[in-house]
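The lines below spell out each chain.
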Amino acid sequence: MARAEIGAIPAMPPIVDRHRTARRAHVWLAGLLVVVCICSLATGASGTSLWRVLTALLAGDPVSVTDRVVMLDIRLPRLVMGVLVGASLAVSGAVMQGLFRNPLADPGLVGVSAGAGLGAIMAIVLGAFLPSALITLVGNWTVPVAAFLGGWLSTIILYRVSTRAGRTSVATMLLAGIALGALAGAVSGILVYMADDRQLRDLTFWGLGSLAGATWSKVLVAGPMIGLSILATLYLGRGLNGLAMGEATAHHIGINVQRLKNGAIMTVALATGAAVAVSGGIGFVGIVVPHLLRLATGPDHETLLLNSALLGASLLLIADLVSRVIIAPADLPIGIVTAVLGAPVFLWILLRRRGLVDL
Amino acid sequence: MTLTARDIRVSLGRKQVPHGVDLNAEAGSVTAIVGPNGSGKTTLLRAITDEVPCLGQVMVEGLDIATAPGWQLAARRAVLPQMATLAFPFTVLEVVRMGLMSGGHGQDPSLPSRALAEVGLAGYEGRFFQELSGGEQQRAHLARVLVQVWAPVGQDGPRWLFLDEPVAALDIAHQLEVMDIVTRYARAGGGVIAVMHDLNLTALHADHVAIMSAGRIAAAGPPDLVMTDATLSKVYGCKLRVGVAPEGPRPFLLPHCAALA
Ligand SMILES: Nc1ncnc2c1ncn2[C@@H]1O[C@H](COP(=O)(O)OP(=O)(O)OP(=O)(O)O)[C@@H](O)[C@H]1O
Ligand SMILES: [Mg+2]
């Protein structure tokens, strides 16, 4: 009798299959990204109009040199970089949240970006001391590779500190993140102090947290790293789902937990390292995007990760658009825009989900 | 076919629990592990499911669990933990689906719903797992475990269920229902190893009982042979009297307080 009663209480309208919605979201979000890309290409401080360029191209008329430069060397690389960085920020956030089993884990919040930043600063300031053979070998890659190594090391340290016997303590994770971030910040400060004038210029430029410095060479450097990390997410989804039930249960359903964790840590480090190296610190994308998607289509990582990449790219392009038009013709650093938009959402998550993130 | 564990030792800090345990279990029957709190039942189950590193050797259907790849083990045995956690708001159906091998490709898509109906949770598919009661959560996890090794006997031999206190959080009707599922699984040729606290349910459903005490097996065998007044009273440290139910040969027992006895 008691059983019949329990069965009769429908607690909420049943969400029988979010799976299909999540799959459809791939298409919708890809469509959104295309629209945002077109808006981004069409907007800018100069008088160049996308429409004019396109009609000229279609009619076979010559495109003026200014238009060509504005389109091909300024707006397009900035667009591509925005897509890459936005996708990587959101993906690294989503993967990290899966790895740490917590919706608050975000590279920017728990010191991984700071670690990657330290790596980048080290490469800029101490790069002069590296053997020149190595420099010529890695070339443009010095800063991103150093950022990757910094992010990788900090993720590993963080995981070791906050996870005991397969369980992650949220409090320890956040506190360890604060400590890591502070340490990386302090060492970065010392390095900045040591830097000479030319390096300082590099550092300021790098640290703005902006897409303004986008060039094709940066795109070429960040592209493969970010592409690799997005590709990796295709293989992480099922594992991260299983990991939500704890390491032991994940193992019992046939997931190679050690390989999964290594893969997830590598993915986070690659994506964060590449994003930090080319655009400095841009916050909140990694926490807001996966959270919104979880609300809309559920936490299934098999669809969440790709959807995060798509929505992250769109949102960063929108933020970039805002940063370009709000005080045009000047650029507001995009990190400010994402913080202004993202921090309130983050607080809202904390308010709504206090039970879920209880320490 | 069988499961054999030889000389299992797990180091927990300075002590070893279990401390040299041998366990044999046959597919087609229910093997229960009983014993007082802290006697090492969960740790033994963890050791024989390759969850904690242990000394000794465990063979399941001819596979050495120390060397067999995880996916191969997962195809032959499923494990229900004593306490289950879940991060993120998955629905019941999404949790049960996780039991489908390799994400469910090429498997009967109706399995999760059938398993949920089996454990008495039909209609719970779309509810959030975290909003279920403790007993409902436990049954949902049981459904996930059942989905993983749905057929008691596969092409490569019997499948195994390892259950750590499968009925601990359940009301009496659901206790009987779950024990019935487990027994039917064994009758159909599958292997079942269950850690139990309820001695009467154990006596009723187990074909083989291993009684643990302080990291060792104190007695093992059919319930009517090993579940005796002397053994149980000694292992649990309180007076217990075993009787026989009017309808049959299975033993049943009532606790007798030392003061009353
Ligand atoms: N990770 C650990 N580190 C140290 N000691 C542990 C650990 N896990 C368990 N123990 C100890 O090992 C002993 C056996 O624990 P185990 O969980 O196997 O007991 P159990 O028989 O399953 O008990 P219960 O009936 O309460 O579930 C206990 O004394 C426990 O305190
Ligand atoms: Mg136990």
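Model, not experiment: these values are computed from the prediction.

Rules behind the numbers
Residues numbered from 1 in each chain as written. Chains lettered and ligands numbered in written order. Predicted model: local features only at pLDDT ≥ 70, side-chain atom pairs only at ≥ 80, totals over all residues. Heavy atoms only, no water. Near = heavy atom within 4 Å. Polar contact = N/O pair within 3.5 Å; in protein donor to acceptor, adjacent residues only side chain to side chain. Areas by Shrake-Rupley, 256 points an atom, 1.4 Å probe, with all protein chains shown as cover. Helix = DSSP H or I, 4+ residues; strand = E, 2+ residues; numbered from the N terminus. Donors = N, O, S within 2.8 Å, 3.2 Å for Na, K, Ca; no water. Buried < 20%, exposed > 50% of the residue type's maximum accessible area, 1.4 Å probe, protein only. Domains from an automatic or database assignment. Contact = heavy atoms within 4.5 Å. Buried area = accessible area lost by both parts, 1.4 Å probe. pLDDT = per-residue confidence, 0-100. Core = buried A, V, L, I, M, F, W, Y, C linked by side-chain atoms within 4.5 Å. Pairing = 2+ DSSP bridges. Axes fitted to C-alpha atoms, helices over the stretch in contact; angles between N-to-C directions.

## Quick word on the site of ligand 1
Residues and elements named next belong to chain B.
Next up, step 1: Around ligand 1 sit 14 residues, and of these Gly-38, Lys-41, Thr-42, Thr-43 and His-197 come closest.
Next up, step 2: In this structure, Lys-41 approaches ligand 1 through a side-chain N or O atom, which is 2.7 Å from an oxygen atom.
Next up, step 3: A distance of 3.4 Å separates an oxygen atom of ligand 1 from a polar side-chain atom of Glu-165.
Next up, step 4: Isolated, ligand 1 exposes 640 Å² of accessible area, and the fraction of that covered by the protein chains is 62%.
Next up, step 5: Looking at the shell around ligand 1, the elements with two or more residues in it are strand S2 (15-26) and helix H1 (41-48).

## Things to note about the coordination of the magnesium ion (ligand 2)
All names here are of chain B.
Next up, step 1: Around the magnesium ion (ligand 2), the protein contributes the donor atoms Thr-42 (OG1) and Gln-82 (OE1), which lie 1.9 to 2.3 Å from the metal centre. In this pair, Thr-42 is assigned in helix H1 and Gln-82 in the loop between strand S6 (77-80) and helix H3 (92-97), connecting sequence segments 40 residues apart.
Next up, step 2: A relative accessible area of 18% means that Thr-42 is categorised as buried.
Next up, step 3: The class of Gln-82 is partly exposed, set by a relative accessible area of 37%.

## With respect to the domain arrangement of chain B
All names here are of chain B.
Next up, step 1: In terms of domains, chain B is made up of domain 1 (1-76 + 156-168 + 185-261) and domain 2 (77-148).
Next up, step 2: Taking only C-alpha atoms, the centre of domain 1 and the centre of domain 2 are 25 Å apart.
Next up, step 3: Across the boundary between the two partners, domain 1 contributes 16 residues, which contact 12 residues of domain 2.
Next up, step 4: By the criterion of area lost to domain 2, the three top residues of domain 1 are Ala-74, Phe-162 and Asp-164, representing 32% of everything that side buries.
Next up, step 5: Linking domain 1 to domain 2 there are 10 residue pairs in polar contact (both at pLDDT 80 or more).
Next up, step 6: At the level of secondary structure, the elements contributing two or more residues to the side of domain 1 that touches domain 2 comprise helix H2 (70-76) and strand S9 (160-164).

## Focus on the side chain of Ser-308 of chain A
Next up, step 1: As for its position among the elements, Ser-308 of chain A is in helix H14 (residues 301-325).
Next up, step 2: In this structure, Ser-308 of chain A is in contact with Ala-90, Ala-94, Val-289, Pro-290 and Leu-293 of chain A, ignoring residues within four places of it in sequence.

## Some thoughts on the confidence of the model for chain B
For residues with low pLDDT, the predicted coordinates do not support detailed interpretation.
Next up, step 1: For chain B, the mean per-residue pLDDT works out to 88, and 93% of the residues sit at or above 70.
Next up, step 2: Per the prediction output, this complex has pTM 0.87; the corresponding ipTM is 0.90.

## Details of the nonpolar core
Next up, step 1: Within the largest apolar cluster, 126 residues are counted, with the highest numbers of intra-cluster contacts made by Val-85 of chain A together with Leu-161, Leu-163 and Val-192 of chain B.
Next up, step 2: With 14 residues, the top contributor of residues to this core is helix H4 (residues 65-100) of chain A.
Next up, step 3: Dropping the residues within four chain positions of it, Val-85 of chain A is found in contact with Leu-211, Ile-226, Ala-275, Val-278, Ser-279, Ile-282 and Leu-316 of chain A.
Next up, step 4: Core analysis: the second largest hydrophobic core is formed by 26 residues, Ala-5, Ala-27, Ile-65 and Ala-68 of chain B among them.

## As for the sheet that holds strand S10 (residues 191-195) of chain B
Adjacent strands of a sheet form backbone hydrogen bonds with each other and so pair up, either parallel or antiparallel.
All names here are of chain B.
Next up, step 1: Taken in spatial order, the 6 strands line up as S6-S9-S10-S3-S11-S12 in an open sheet, and their pairing is mixed. Strands with a single pairing partner mark the edges of an open sheet, and in this sheet they are S6 and strand S12 (216-221). Within this sheet the neighbouring strands show an average axis-to-axis angle of 15°, counted without direction.
Next up, step 2: Here strand S11 (residues 208-213) runs beside S12; their pairing, made up of 5 bridges, is antiparallel. Looking at the pairing, Met-212 lines up with Ile-217 of S12.
Next up, step 3: Sheet strands touched by H1: strand S3 (30-34), S9, S10 and S11. Its angle to S9, the strand with the most contacts, is close to 150°.
Next up, step 4: Against the sheet, helix H5 (residues 134-148) contacts S6 and S9, and its axis sits at roughly 170° relative to S6.

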